[in-house]
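Below, each chain spelled out in residue letters.
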Amino acid sequence: MAAGFKTVEPLEYYRRFLKENCRPDGRELGEFRTTTVNIGSIGTADGSSLVKLGNTTVICGIKAEFGAPPTDAPDKGYVVPNVDLSPLCSWRFRSGPPGEEAQVASQFIADVIENSQVIQKEDLCISPGKLAWVLYCDLICLNHDGNILDACTFALLAALKNVQLPEVTVNEETALAEVNLKKKSYLNIRTHPIATSFAVFDDTLLIVDPTEEEENLATGTLTVVMDEEGKLCCLHKPGGSGLTGAKLQDCMSRAVTRHKEVKKLMDEVFKSMKPK
Amino acid sequence: MKQVLKESLPTNGDTSVLAGVYGPAEVKVSKEIFNKATLEVTLRPKIGLPGVAEKSRERLIRNTCEAVVLGALHPRTSITVVLQVVSDAGSLLACCLNAACMALVDAGVPMRALFCGVTCALDSDGTLLLDPTAKQEKEARAVLTFALDSVERKLLMSTTKGLYSDAELQQCLAAAQAASQHVFRFYRESLQRRYSKS
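What you are looking at is a predicted structure, and each value in this text was computed from that prediction instead of being measured. (Residues numbered from 1 in each chain as written. Chains lettered and ligands numbered in written order. Predicted model: local features only at pLDDT ≥ 70, side-chain atom pairs only at ≥ 80, totals over all residues. Heavy atoms only, no water.)

Trainee: I'd love a proper account of the overall build of chain A, names of residues and values included.
Mentor: A count of helices and strands for chain A gives 6 helices and 12 strands. At 21 Å, chain A has a C-alpha radius of gyration in line with the 19 Å of a compact globule built from 276 residues. For chain A, the spread of C-alpha atoms along the principal axes amounts to about 75 × 40 × 40 Å. Split into buried and exposed, the 276 residues of chain A put 50% on the buried side. Pairs at least 24 apart in sequence give 67% of the contacts found in chain A among residues at least 6 apart. (Helix = DSSP H or I, 4+ residues; strand = E, 2+ residues; numbered from the N terminus. Rg over C-alpha atoms; globule rule 2.2 N^0.38 Å. Buried < 20%, exposed > 50% of the residue type's maximum accessible area, 1.4 Å probe, protein only. Contact = heavy atoms within 4.5 Å.)

What follows is the structure in structure tokens.
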């Protein structure tokens, strides 16, 4: 009976739950789904992580390769993020060149890395003007059940913390790089940007961590990326219903609490990992 | 089908964007939505081929337009907005938003409100600069672009670059809301001029 109503009038079905301040999966309006993170699962990558937000699953693999630094910034390396949304994760995507959602997500991750200064690009430089590290970050969505941006940001951060770069010395005589695989060091992660996404319903109600169904029914979305000092790296609101300043303030306070939850989870996971 | 070309307002430093709106017109069956109009936005940069950054901006502009355009009045049709960057001297996204809105109004597309784009820059000592030039944007600590609607000055779209605090965000939003008055007045004046001639 309820399933029939849901198919015919999905928005009304949702409104019935929202009136009681809860959602069909039993969560409250400000509650996140169970978050789990797994670090270092990909042996062939220099750093990797797997993040699950309820059913949404994103895996991030980072490979470090050599490259020439850009001519306008000879003492900086590169970080190249790429988000891959394949037909594997959702019926909405087709195989072939990246669609709009994947491109927007890749651009979002690139902006977060740039704005939050999570790593100093100068740390990636080996020999100014000649050699630098290029970190290729591949984020692959294995299951799309909404809130892809939060999962991607978290996966990227966890993977970056897991990356170990070998020591490189440039031989003066041959001008070739000599890689010492036995001596590896972690990257210097300066800030921890964590994303919190909201969906706007009927122009007034804000719910946190939307599932795919909720995202389709929502009239707007908002993603806030905050670091540990409460500074905002990104306020991404791609259109949708209008929000007043007061509502934005509520979102900020929720983002601050979320940051604490996620940071605690990540610290626990890293502490529990055996040192190599 | 109405075809209209509209030039946007040049901000300080002459950023200008040409906007064209085509529609409501036929839509491909694969893209058709049964109960409302399909909105498409294309942004062409001044030089080079459109890339991922353009796609991201197109998505922002399209979602902003979708929030105000009454698509339900024209189901199974398409409304296309084409934006061509003529010159970029800072505050480009805001200029694109303004051009898109005026072009939609000129084309007679039914909308529930008008919207305008405002850019704020925060420099290293926290001073707020509205409508920054390209040089000011580069040197700023943070650049925030907002799209505000005309009815209640609510925030329709926001995209930011750089680090800033919560209080600074509220400050910029308030300043943008005040500045949007000028933009809406400009819309009204230019539309009055256009329709009083004919």
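More follows now that the structure is in view.
Trainee: With reference to specific residues and values, describe the interface of chain A and chain B.
Mentor: The interface of chain A with chain B comprises 27 residues on the first partner and 28 residues on the second. Where chain A meets chain B, there are 2 salt bridges. Between Arg59 of chain B and Glu100 of chain A there is a salt bridge whose closest N-O contact spans 2.9 Å. On the surface where chain A and chain B come into contact, there are 15 residue pairs in polar contact (both at pLDDT 80 or more). Within the residue set of the side of chain A that touches chain B, elements represented by two or more residues are helix 3 (100-116), strand 12 (231-236) and helix 6 (245-272) of chain A. Looking at the side of chain A that touches chain B, the element that brings in the most residues is helix 3 of chain A, giving 7 residues. (Salt bridge = Lys/Arg side-chain N within 4 Å of Asp/Glu carboxyl O. Polar contact = N/O pair within 3.5 Å; in protein donor to acceptor, adjacent residues only side chain to side chain.)

Trainee: Describe helix 2 (residues 10-19) of chain A, naming the residues involved and giving the relevant values.
Mentor: All names here are of chain A. Among the residues making up helix 2, those that are buried are Tyr13, Tyr14 and Leu18. Across the axial projection of helix 2, the buried residues extend over an arc of 135°, all falling on one side. Those residues of helix 2 that are buried are in contact with helix 1 (2-8), strand 9 (194-201), strand 10 (205-208) and helix 5 (212-217). Backbone geometry just downstream of helix 2 places Asn21 in the positive-phi region, at approximately 60°. (Arc of directions from axis to C-beta.)

Trainee: Before we move on, can you summarise the packing of helix 2 (residues 92-107) of chain B against helix 4 (residues 166-197) of chain B with the specific residues and values?
Mentor: All names here are of chain B. Close contact between helix 2 and helix 4 brings their axes to 12 Å; oriented N to C, the two are set at 35°. When you trace helix 2 past helix 4, the crossing you get is right-handed. Listed contacts from helix 4 to Asn98, Cys101, Met102, Val105 and Asp106 of helix 2 are Val183, Phe186, Tyr187, Ser190, Leu191, Arg194 and Tyr195. When the residues that make up the contact of helix 2 with helix 4 are grouped by side-chain class, the tally is 8 nonpolar, 2 polar and 2 charged. (Axes fitted to C-alpha atoms, helices over the stretch in contact; angles between N-to-C directions. Left-handed = near helix turned anticlockwise from the far one by under 90°. Nonpolar A, V, L, I, M, F, W, Y, C, P; charged D, E, K, R; others polar.)

Trainee: Tell me about a nonpolar patch on the surface, and name the residues and values.
Mentor: Where nonpolar side chains cluster on the molecular surface, the patch consists of Phe66, Val179 and Leu181 of chain A and spans about 280 Å² of accessible area. When you line up the elements, Val179 of chain A lands in strand 8 (residues 177-186). (Patch = residues over 30% accessible without salt bridge, like charges linked within 9 Å, V, L, I, M, F, W, Y side chains within 5 Å. Areas by Shrake-Rupley, 256 points an atom, 1.4 Å probe, with all protein chains shown as cover.)

Trainee: An account of the pattern of salt bridges is requested, with residue identities and associated values reported.
Mentor: All names here are of chain A. Here the structure, examined in full by the defined rule, presents 21 salt bridges over all chains. One salt bridge connects Glu12 with Arg15, and the closest N-O pair in it is separated by 3.0 Å. Separated by 3 residues within a single helix, Glu12 and Arg15 lie in helix 2, roughly one turn from each other. Residue class for Glu12 comes out partly exposed when judged on its relative accessible area of 29%. One network of salt bridges, in which partners are shared, links Asp25, Arg27, Arg33, Asp145 and Asp209.

Trainee: Please give an account of the pairing of strand 11 (residues 220-226) of chain A that cites residues and values.
Mentor: Residue and element names in this part refer to chain A. Most of strand 11 is tucked away: 6 of the 7 residues are buried. Summarising the sheet, strand 9 and strand 11 pair through 7 bridges and their orientation is antiparallel. Pairing of Ala195 across the sheet is with Val225, part of strand 11. Where strand 11 and strand 12 come together, 4 bridges link them in antiparallel fashion. When the sheet's bridge partners are listed, Thr223 is paired in strand 12 with His236. Linkage of strand 11 to strand 12, two consecutive antiparallel strands, is achieved through a turn of 4 residues, within which Gly230 is found at a positive phi near 85°. (Pairing = 2+ DSSP bridges.)

Trainee: Help me get a handle on the sheet that holds strand 8 (residues 155-162) of chain B, residues and values and all.
Mentor: Residues and elements named next belong to chain B. Ordered in space as 6-5-7-8, the 4 strands form an open sheet in which the pairing is antiparallel. Looking at which strands have only one partner, the edges of the open sheet turn out to be strand 6 (128-130) and strand 8. With strand direction ignored, the average angle separating the axes of adjacent strands in the sheet is 20°. Note that strand 7 (residues 142-149) and strand 8 share 7 bridges and pair antiparallel. Its bridge partner lying in strand 8, Ala142 is registered against Gly162. Against the sheet, helix 1 (residues 52-68) makes contact with strand 5 (115-122), strand 7 and strand 8, and its axis sits at roughly 160° relative to strand 8, the strand it touches most.

Trainee: Tell me what's going on with the UniProt feature "domain: Exoribonuclease phosphorolytic" (unreviewed entry) in chain A, and back it up with residues and numbers.
Mentor: Residues and elements named next belong to chain A. In this structure's numbering, the residues bearing the UniProt feature "domain: Exoribonuclease phosphorolytic" (unreviewed entry) are residues 31-166 and 193-256. Here residues 31-166 runs as 24% helix and 37% strand, with 41 Å between its end C-alpha atoms. End C-alpha to end C-alpha, residues 193-256 measures 11 Å, and it is 28% helix and 39% strand. (UniProt positions renumbered as here; feature names shortened; annotations may be inferred.)

Trainee: I'd like a description of the side chain of Glu58 of chain B, backed by residues and values.
Mentor: Residues and elements named next belong to chain B. Mapping Glu58 onto the fold places it in helix 1. Despite its burial, Glu58 remains without a salt bridge, the nearest opposite charge being carried by Lys55 at 4.3 Å. Within the local environment of Glu58, its side chain forms a polar contact with the backbone nitrogen of Leu43, the two atoms lying 2.8 Å apart. (Lys, Arg positive; Asp, Glu negative; His and termini not counted.)

Trainee: Lay out the sheet that holds strand 10 of chain A with the relevant residues and their values.
Mentor: Across the sheet, which stays open at both edges, the 5 strands sit in the order 10(A)-9(A)-11(A)-12(A)-9(B) with antiparallel pairing between neighbours. Edge positions in the open sheet fall to strand 10 of chain A together with strand 9 (164-165) of chain B, since each of these has one partner strand only. Pairing between strand 9 of chain A and strand 10 of chain A: 4 bridges, direction antiparallel. Across the sheet, the residue bridging to Val200 of chain A is Leu206 of chain A, located in strand 10 of chain A. Along the sheet, helix 6 of chain A contacts strand 9, strand 10, strand 11 and strand 12 of chain A; its crossing angle with strand 11 of chain A, the most-contacted strand, is approximately 50°.

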